[in-house]
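Letter by letter, the chains look like this.
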Amino acid sequence: MPDRYLEFASSGLGGWVVEALGLPKPAPLLRRGEGEAPPSLPLLLGPPTADGRMGPVLMRLAAGSGVEIHHAWTPDVRYGGLVFDASACLDVAATQGLYRFFHQAIRSVAEHGRIVVVGIPPETAKTAEGEAIQRGLEGFVRSLAKEARRSIAVQLLYVTPGREDQAQSTLAFLLSPRSAYVSGQVIRVGAAAVAADPAVGHAGRQVLVTGAARGIGEAIVRLFVAEGAKVTALDVPSAQDDLRALAQELGVDPLALDITAPEAAGVLLKTARARGGFDVVVHNAGITRDRTLGRMDEREWNSVMAVNLGAPLALTRVLLEAGAVRRNGRIVAVSSLSGVAGNMGQTNYALSKAGWIGAVGRMARDGLDHGITVNAVAPGFIETRMTAAIPFAIREAGRRMNSMGQGGSPVDVAETIAWLAHPASGGVNGQVVRVCGQSLLGA
Ligand SMILES: NC(=O)c1ccc[n+]([C@@H]2O[C@H](COP(=O)([O-])OP(=O)(O)OC[C@H]3O[C@@H](n4cnc5c(N)ncnc54)[C@H](O)[C@@H]3O)[C@@H](O)[C@H]2O)c1
């Protein structure tokens, strides 16, 4: 559904009216393939004159994309991104370096620019003050993300010392237009069990997407196909026509299957064997049955629990036990901001979606064999048929209540999943990444 306010505010006259009335003026996001991308502008590294821990990784990224790296702020230069290594920020006095760098450079960041602050996992700091400052970076980054505006995204990356190389796929994502609707996020990068070349992507990988017939699932399918993956697109039998149309257009393998059906595990295992196993499993299928708890009937409760949590957890177990997820495989679940923040009328949905936050944390802590990782994305307000059906006033509030001042697109969720599922993202495990334009709801 078109965002008329965004279109109006982005037009010449509309922009003037909006400013004159003191109304919010969201900048349209710049996504992959949409015009000139910010990485073509120079990247400024801080603190000044030092490459920082990420220097070599950033040099490799820059060499691949032709981006210049600057080590000192220069007035009049517009920067596509800022990367500040705050790993040595371990006492209060050292925060002055952070202040000075961003105080000077923040206004030199171009529209759609990217900012990444790099730290160490706070609990690895040797002193309480060090841990305090490293943890404090979260507050700094989330606040800067709210101040940045103009579609600028700001993230914090906690990289385990010695694992800097594992951050390449993550930095490539965060510094690119692919992360247009991801902001104010805290992401941890640690050891990867399987070393993978960041230059080798999804081509030829076997990918399973559930709930693939429409909306976010369809966008995930399209993106993986565009990246050269072989996709199995699963959806309920009643969505068979849509699946067939997708198969015809994109050459994906359709699989008409209700994931809650008694035969689901058997059918999925047979399919996995026919494909030689899956490299990527995306649990996207989901339903809502919204009603306040006192009015909710048991069927509404049970169906949401089964589709959103019970069935995908059980199928994950079956696939893992049968060795049907390949070495260096990726499992990504689609959680929701409702799971993070809770939502009126969604006790069932929020439990099921927050359940995935627990599940990915647990599976990552326990450690899956063969370098398999498990992560979740938590979308906020995404423009789909589901959100188009929300009454106007609530829809407008949902769209605007985030730092980007607009709803996301299904492709924003798909891009985030593709990064988490990348063969070289093995150092990112057990994380929940919000795709919400830094929604005001939740943490
Ligand atoms: N749209 C948003 O703003 C938003 C926000 C947060 C989270 N999400 C989550 O993203 C996912 C996709 O949402 P969407 O907006 O594209 O919804 P959607 O309703 O358009 O698509 C969901 C798909 O899942 C399929 N599905 C439902 N039950 C199934 C079952 N038992 N077996 C197999 N497939 C089944 C449906 O047929 C449908 O094609 C869901 O998990 C949803 O909870 C969406």
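None of the values given here were measured: they were computed from a predicted structure.

Scoring rules and cut-offs
Residues numbered from 1 in each chain as written. Predicted model: local features only at pLDDT ≥ 70, side-chain atom pairs only at ≥ 80, totals over all residues. Heavy atoms only, no water. Near = heavy atom within 4 Å. Polar contact = N/O pair within 3.5 Å; in protein donor to acceptor, adjacent residues only side chain to side chain. Areas by Shrake-Rupley, 256 points an atom, 1.4 Å probe, with all protein chains shown as cover. Helix = DSSP H or I, 4+ residues; strand = E, 2+ residues; numbered from the N terminus. Nonpolar A, V, L, I, M, F, W, Y, C, P; charged D, E, K, R; others polar. Salt bridge = Lys/Arg side-chain N within 4 Å of Asp/Glu carboxyl O. Buried < 20%, exposed > 50% of the residue type's maximum accessible area, 1.4 Å probe, protein only. Domains from an automatic or database assignment. Contact = heavy atoms within 4.5 Å. Buried area = accessible area lost by both parts, 1.4 Å probe. 1 Å grid on protein atoms, 1.4 Å probe; cavity = no way out; pocket = protein on both sides within 12 Å on 5 of 7 lines; lining within 4 Å. Points joined across faces, edges and corners; volume = space filled by probe spheres on them. Core = buried A, V, L, I, M, F, W, Y, C linked by side-chain atoms within 4.5 Å. Pairing = 2+ DSSP bridges. Right-handed = clockwise from strand over helix to strand, strands pointing away.

A. Here's a closer look at the site of the ligand. Taken together, 26 residues sit near the ligand, with Arg214, Ile216, Asp235, Asn284 and Tyr349 positioned nearest. For the ligand, an oxygen atom lies 2.7 Å from a polar atom in the side chain of Arg214. Between the ligand and Gly380 there is a distance of 3.4 Å, counted from an oxygen atom to a backbone nitrogen or oxygen. Calculation on the ligand without its partners gives an accessible area of 830 Å², and the protein chains cover 93% of this total. Within the residue set of the shell around the ligand, elements represented by two or more residues are α7 (215-226), β8 (230-235), α12 (347-366) and α13 (385-388). Classifying every residue of the shell around the ligand gives 13 nonpolar, nine polar and four charged.

B. Representation of the pattern of salt bridges. Here the structure, examined in full by the defined rule, presents 19 salt bridges. Taking the shortest distance from any N to any O, the salt bridge between Asp165 and Arg60 comes out at 3.1 Å. Remark: Arg60 occurs in helix α3 (residues 55-65) and Asp165 occurs in the loop between β5 (153-159) and α6 (168-174); sequence separation between them is 105 residues. With a shortest N-O distance of 3.0 Å, Arg326 and Asp279 are connected by a salt bridge. Here Arg326 is found in strand β11 (residues 325-334), whereas its partner Asp279 is found in strand β10 (residues 278-283), with 47 residues between them in sequence. Here Arg326 falls in the partly exposed class, since its relative accessible area comes to 29%. A residue is classified by how much of its surface remains accessible, and Asp279, at 8% relative accessible area, is buried. Salt bridges sharing common partners tie together Glu383, Glu396, Arg399 and Arg400.

C. Spatial organisation of the domain arrangement of the protein chain. Per the domain assignment, the segments making up the protein chain are domain 1 (22-189) and domain 2 (206-435). Look at where the C-alpha atoms of domain 1 and domain 2 centre, and you get two points 29 Å apart. Domain 1 puts 25 residues into the contact, and the matching count from domain 2 is 27 residues. Summing both partners gives a buried area of about 2,100 Å² for domain 1 against domain 2, and 53% of it is carried by carbon and sulfur. Across the domain 1-domain 2 interface, the total number found is three salt bridges. Of all the elements in the fold, those that place two or more residues in the side of domain 1 that touches domain 2 are α5 (128-148), α6 and β6 (185-189). In terms of residue count, the dominant contributor to the side of domain 1 that touches domain 2 is β6 (five residues). Considering only residue class, the side of domain 1 that touches domain 2 consists of 14 nonpolar, six polar and five charged.

D. Fine view of the layout of surface pockets. Quantified by volume, the second largest pocket comes out at close to 660 Å³. Taken together, 34 residues form the lining of the second largest pocket, with Leu61, Ser65, Ala172, Ser176 and Arg178 sitting closest to its centre. Taken together, the elements giving at least two residues each to the lining of the second largest pocket come down to α3, β3 (79-85), α6 and α15 (410-420). Sorting elements by how many residues they give to the lining of the second largest pocket places α3 first, with six residues. Built from parts of two domains, the lining of the second largest pocket gets at least three residues from each of domain 1 (22-189) and domain 2 (206-435).

E. Structural context of the nonpolar core. The biggest cluster of nonpolar side chains holds 60 residues, and the ones touching the most others in it are Leu58, Phe224 and Ile417. Taken domain by domain, this core gets at least three of its residues from each of domain 1 (22-189) and domain 2 (206-435). Excluding its chain neighbours within four sequence positions, the residues that come into contact with Phe224 are His202, Val207, Ala229, Val231, Val280, Val282, Ile417, Ala418 and Ala421.

F. Spatial organisation of the pairing of β8. Within β8, five of the six residues are buried, leaving the element largely enclosed by the surrounding structure. Note that strand β7 (residues 206-210) and β8 share five bridges and pair parallel. Bridge assignment links Thr210 to a residue of β8, and that residue is Leu234. What joins β7 to β8 is α7, and the crossover it makes is right-handed. In this fold, β8 hands off to helix α8 (residues 240-250), which returns the chain to strand β9 (residues 253-256); that crossover is right-handed.

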